[in-house]
Protein chains: 2
Amino acid sequence: MTESKMVISVDAMGGDNSPRAVIEGLAIAAKKHPDIRFIVFGDTAKVNPIFQQFPILEKVCELRHSAEMVHNEDKPSSVIRNRNTSMFMAIDAVKKGEAQAVVSAGNTGALMAISKLTLKTITKIHRPAIVSIMPHRYGRYVMLDLGANTECDAINLAEFAFMGNILAKRALGIARPRVALLNIGSEEMKGKDEIKQAAQMIKNSKLDIDFIGYIEPHEISNGLADVIVADGFTGNIALKSIEGTAKQITRMIKDCIKGSVLAKFGLLFMLPALVKLKKTMDPRQYNGAMFVGLNGLSVKSHGGADAYSFSCAVDNAAKLVRQNFVPTIREEIEKVDFDELQAVLYDLY
Amino acid sequence: MTESKMVISVDAMGGDNSPRAVIEGLAIAAKKHPDIRFIVFGDTAKVNPIFQQFPILEKVCELRHSAEMVHNEDKPSSVIRNRNTSMFMAIDAVKKGEAQAVVSAGNTGALMAISKLTLKTITKIHRPAIVSIMPHRYGRYVMLDLGANTECDAINLAEFAFMGNILAKRALGIARPRVALLNIGSEEMKGKDEIKQAAQMIKNSKLDIDFIGYIEPHEISNGLADVIVADGFTGNIALKSIEGTAKQITRMIKDCIKGSVLAKFGLLFMLPALVKLKKTMDPRQYNGAMFVGLNGLSVKSHGGADAYSFSCAVDNAAKLVRQNFVPTIREEIEKVDFDELQAVLYDLY
């Protein structure tokens, strides 16, 4: 491995379909990104046989044995004490500077806990957040927090807005992202206190953000905002509601067509158009939620990811490494006077 | 009007398409329910011309003039002081016993505020909730609170569970509804304190509820629960996320078919199957959110409802009147020792 190349460390044991989906996913990613090297952590007895089926991986991967793994039911408080899991070792490689990002399909709470402990939160940021890039009618948007923090105060929300803004600039290439707070109404008086306070805070602070106010969940798909900010509980509820409904409707349409011979015949003519649509809608390509606010890039793949889906999470990680996301966010934060946010809050109340 | 018939009072001035959609909707409802009489409140100068286009209404409607109306931007605190609006008068008719239910497509906050003030909350219930009946894969479910209470404590949630349980029995005919709390994980430790406390409360109390624990939003459509309980903020976020995604996907499929001649041809063969699907999915038929926990039935139609949609809200109101929903809920509540819930909470902490 030459040192000049991008290196991504990978937890081969995380997720429902590990290590097969992970290794297969790396093979897809390796074809797409010949310039990336991978350090893969896992039980070599399980990983090696699959590994050998993909000759492309031989040149670009370094396999490292990890005796243990994080399980889905493991609590964050226990996983942070075990340095021998594939997840811990993969994250640690980022801390040591061996890799620029880590990708894991394992337990979200564990990944967040170890990432926080190991990579540490960026100075001035109170809490990291989970962020994802999702599709709306006319493009894509950034949404955070998707579940790292069940309860958030106004300052947390303002910090999320700040970090989401930088991510939208970098990852979506939007020069001046429109940032909105997720709420149940668009009027100023609507919603919870912390949301109202965060709105005042962002508006009255010197944060250089194009803050457009509140957005309601049913407006998200209309592409009115590029960055959508919520506490982790609300963001997670919205995310899972969106995912669940998308699945339900797709399934209902499938069931309906299956039940009719005539409809099946009609489907033949529609296939070319539908294939295109399916490609746009395919949730797998949006796989790879990032933890922002840490001194290192930690990317969470969906636990149920298949190989293609896992490769998309790697794509996401690679993109942010190329765009210097973590150093940029750190630089931008240094310029900001976050104490001013607190002062704005005091002025308001 | 003979006194033995069911009477529903109607706010003709509420909603984006009022009074036309309301009056047309009543004509549809009148055809369906020849046994219902309506007292319609509104500006007669505006209502009368439309009214005369539907001869069926003449026999079953009584028009009453109201000089004023509630506007979308009116604040709850101001609308409760004006007894001359069509909304206030329509709700007041329920209080006076002239009608058994009221239906309005007006401002939700105003409808809730006037309904609470006029009809009063049922003794022992701390807060009324907004509830709706929605479709899942195998049938329908009840979800509450959809926005009446931004912040809720564990007792509020337990009371919603209790009322939702009765509604599912009555409106959905489910002998023993499965009741779940909406949360971001299924494990006991997940979520906010009030949700965890409510779970313990329901489990350890003598409430006769088939409590199945937590449900995550993406599991709702799989029909795992008949009653889904959340605080008003979370419920509203989930509801609007579901509605927005359903619209987005339907629109994406339409756009995709429109863009291809071949697909349009194929669509011809699919139409019979799709018409059936559209009927099941048509959100208009689920129109009519109810306020539960009040001494009277107040039904909120979607503000953007068309005539058919408004008639569905009337259907919903009629169904619950026939099933004696309000008296039943009051009787059931009388049997319950709600203080015990509080005691359960003290025992736990």
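About the criteria used
Residues numbered from 1 in each chain as written. Chains lettered and ligands numbered in written order. Predicted model: local features only at pLDDT ≥ 70, side-chain atom pairs only at ≥ 80, totals over all residues. Heavy atoms only, no water. Contact = heavy atoms within 4.5 Å. Buried area = accessible area lost by both parts, 1.4 Å probe. Salt bridge = Lys/Arg side-chain N within 4 Å of Asp/Glu carboxyl O. Helix = DSSP H or I, 4+ residues; strand = E, 2+ residues; numbered from the N terminus. Nonpolar A, V, L, I, M, F, W, Y, C, P; charged D, E, K, R; others polar. Least-squares fit on C-alpha atoms with pLDDT ≥ 70 in both. Polar contact = N/O pair within 3.5 Å; in protein donor to acceptor, adjacent residues only side chain to side chain. Pairing = 2+ DSSP bridges. Axes fitted to C-alpha atoms, helices over the stretch in contact; angles between N-to-C directions. Phe/Tyr/Trp six-rings, centres within 6.5 Å; stacked < 30°, edge-to-face > 60°. Buried < 20%, exposed > 50% of the residue type's maximum accessible area, 1.4 Å probe, protein only.

**Quick notes on the interface of chain B and chain A**
Frequently, the measure chosen for interface size is the accessible area removed from exposure when the parts meet. In this assembly, 51 residues from chain B lie in contact with 51 residues from chain A. Contact between chain B and chain A buries roughly 4800 Å² in total, counting both sides, with carbon and sulfur atoms accounting for 73%. Linking chain B with chain A are four salt bridges. For the salt bridge of Arg137(A) with Asp255(B), the shortest nitrogen-to-oxygen distance reads 3.8 Å. Of all the elements, helix α9 (residues 232-258) of chain B adds the most residues to the side of chain B that touches chain A, at 19 residues. Residues of the side of chain B that touches chain A, tallied by class, amount to 27 nonpolar, 16 polar and eight charged.

**Topic: the relation of the copies chain B and chain A**
Applying a rotation about an axis and a shift along it to one chain copy brings it onto the other copy. Mapping chain B onto chain A calls for a screw motion: a turn of 180 degrees about the axis and a shift of 0.0 Å along it, with 0.0 Å RMSD after fitting. The operation mapping one copy onto its partner corresponds to a two-fold rotation axis. Among all residues of chain B, the one whose C-alpha sits closest to the rotation axis is Gly266(B), at a distance of 2.0 Å. Taken together, the interface assignments show that 100% of the residues at the interface of chain B recur at the interface of chain A, consistent with an identical surface on both copies.

**So, the side chain of Asp11(B)**
All names here are of chain B. Positionally, Asp-11 belongs in strand β1 (residues 6-11). Within the local environment of Asp-11, its side chain forms a polar contact with the backbone nitrogen of Gly-14, the two atoms lying 3.4 Å apart. Those residues in contact with Asp-11 that lie beyond four places of it in its chain are Val-22, Phe-41, Ser-86, Met-87, Ala-90, Val-103 and Ser-104.

**Considering the sheet that holds strand β5 (residues 129-136) of chain A**
Residue and element names in this part refer to chain A. Taken in spatial order, the eleven strands of this open sheet run β3-β2-β1-β4-β11-β10-β5-β6-β9-β7-β8, and their pairing is mixed. Edge strands, defined here as strands with exactly one partner in the open sheet, are β3 (61-65) and β8 (210-215). Geometrically, the sheet is characterised by an average inter-axis angle of 25 degrees between neighbouring strands, direction not taken into account. Most of the contacts of helix α5 (residues 86-95) go to strand β1 (residues 6-11), to which it runs at about 165 degrees, and overall it touches β1, β2 (36-42), β3, β4 (101-104) and β11 (297-300). Its contacts with the sheet place helix α7 (residues 154-172) against β5, β6 (139-144), β7 (178-182), β9 (227-229) and β10 (289-292), and it is angled at close to 150 degrees to β6.

**A word on the packing of aromatic side chains**
All chains considered together, the criterion is met by five aromatic pairs over all chains. Summarising the aromatic geometry, the rings of Phe269(A) and Phe265(B) are spaced 4.9 Å apart at their centres and angled 85 degrees between planes, so their arrangement reads as edge-to-face. Highlighted residues: Phe269(A) in helix α10 (residues 261-281) and Phe265(B) in helix α10 (residues 261-281), drawn from two different chains. Judged by its relative accessible area of 40%, Phe265(B) falls in the partly exposed class. Relative to Phe269(B), the ring of Phe269(A) has its centre 6.1 Å away and its plane inclined at 20 degrees; by these criteria the two rings are stacked. On the criterion of chain membership, the pair formed by Phe269(A) in helix α10 and Phe269(B) in helix α10 is interchain, its members lying in two chains. Connected via pairs of aromatic rings, a cluster forms that spans Phe265(A), Phe269(A), Phe265(B) and Phe269(B).

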